[in-house]
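# Examination of the molecular architecture
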Amino acid sequence: MSAASPTTRYLRGGKILRVDLTSGRIEIVPTEQYADGITGGRGLSTQILSAEAVAPPVDPLGPDNVLCLAAGPFSGTLYPASGRTDVACLSPLTGGVGRSGLGGDWAAELVQAGWDAVVLAGKAERPVYLAIRNERVEIRDAGELWGAPNDHTRQLIAAALDSPDAKIISIGPAGERLVC
């Protein structure tokens, strides 16, 4: 019997998208580098945060923190309630690992585009957003989106991408003001 491929073994696409917002560098990292022996978005994001040594004295609101958005292991499949994304970073509230989860179509779209997770690091000089369309990843100017409510942000980005069905997550005005 042959060894299982990383995709079959982990039910993943095999790639993590790393974006350094300070330098604008976009990098592809093999999922297997972090995911050997673990399953799920929560396990993957925990491994990434551990490997990045994200812990105090890192400023949770500073550029040395990372934000990890990792798709669950069954995202993009027909498995019930499988469209979950684990969101993890160093928490400004507790100083420990803070995490949340979100449902919807975003994780399935991420996996179908070939990515298992998105890791954001650094700090952009101005407001930006990521546009991901399969292998094509762009950091785009978000100046006109700053201060807009989430529903309006979604409409503006969908129009800019010429994709009314685009799956979009945004932080909104509260996130822009660093409200915890």
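Note that the structure is predicted; figures quoted are calculated from it, not measured.

As a further point, take the pairing of strand β8 (residues 136–141). Here strand β7 (residues 128–133) pairs with β8 via six bridges, running antiparallel. Counted as the bridge partner of Ala-131 is Glu-138 from β8. Turn length for the β7-β8 hairpin, with the two strands adjacent in sequence and antiparallel, is two residues, and the turn residue Asn-134 shows positive phi of about 55 degrees.

Under the criterion given, the structure shown has one aromatic pair. The ring of Trp-115 carries Lys-15 above its face, with NZ or CZ at 4.4 Å from the centroid.

This brings us to helix α3 (residues 40–51). The end-to-end C-alpha distance of α3, which contains twelve residues, comes to 17 Å, matching closely the 16 Å that a straight helix rising 1.5 Å per residue would cover. For α3, the complete set of buried residues consists of Gly-40, Gly-41, Leu-44, Ser-45, Ile-48 and Leu-49. Where α3 is buried, its residues meet β1 (15–20), α2 (32–35), β3 (66–71), β4 (85–90), β5 (97–102) and β6 (117–121). Trailing α3 by a residue or two, Ala-53 shows a phi angle of about 55 degrees, which is positive.

What follows is about the confidence of the model for the protein chain. When pLDDT is averaged along the protein chain, the result is 87; 93% of the residues meet or exceed 70. Contacts for the low-pLDDT stretch residues 1–9, under 50 throughout, to residues beyond four places or in other chains number eight contacts.

Glancing now at the pattern of salt bridges. One pass over the structure, following the stated rule, counts seven salt bridges. Between Asp-105 and Lys-167 there is a salt bridge whose closest N-O contact spans 3.6 Å. Of the two residues, Asp-105 is situated in the loop between β5 and α4 (106–112) and Lys-167 in the loop between α5 (150–160) and α6 (172–176); the sequence distance between them amounts to 62 residues. Looking at Asp-105, the relative accessible area reads 46%, which means it is partly exposed. Note that Glu-138 is salt-bridged to Arg-140, the shortest N-O span being 3.0 Å. Judged by its relative accessible area of 22%, Arg-140 is partly exposed. A cluster of three or more residues bridged by salt bridges with shared partners is formed by Arg-136, Glu-138 and Arg-140.

Right, let's get into the side chain of Thr-153. One can find Thr-153 in helix α5. Its relative accessible area of 7% is what places Thr-153 among the buried residues. When sequence neighbours within four positions are dropped, the list of residues in contact with Thr-153 reads Leu-145, Ala-148 and Ser-170.

Here we take up the sheet that holds β4. For sheets, the rule is that strands pair by backbone hydrogen bonds, running either parallel or antiparallel. Reading across from one edge, β2-β1-β6-β3-β4-β5 is the order of the six strands in this open sheet, with mixed pairing throughout. Strands with a single pairing partner mark the edges of an open sheet, and in this sheet they are β2 (25–30) and β5. For this sheet the average axis-to-axis angle between neighbouring strands, irrespective of direction, equals 15 degrees. In the packing of α3 onto the sheet, the strands contacted are β1, β3, β4, β5 and β6, and the crossing angle to β3 comes to about 155 degrees.

Parameters and conventions
- Residues numbered from 1 in each chain as written.
- Predicted model: local features only at pLDDT ≥ 70, side-chain atom pairs only at ≥ 80, totals over all residues.
- Heavy atoms only, no water.
- Pairing = 2+ DSSP bridges.
- Helix = DSSP H or I, 4+ residues; strand = E, 2+ residues; numbered from the N terminus.
- Phe/Tyr/Trp six-rings, centres within 6.5 Å; stacked < 30°, edge-to-face > 60°.
- Lys NZ or Arg CZ within 6 Å of the ring centre and 35° of its normal.
- Expected span 1.5 Å × (residues − 1).
- Buried < 20%, exposed > 50% of the residue type's maximum accessible area, 1.4 Å probe, protein only.
- Contact = heavy atoms within 4.5 Å.
- pLDDT = per-residue confidence, 0-100.
- Salt bridge = Lys/Arg side-chain N within 4 Å of Asp/Glu carboxyl O.
- Axes fitted to C-alpha atoms, helices over the stretch in contact; angles between N-to-C directions.

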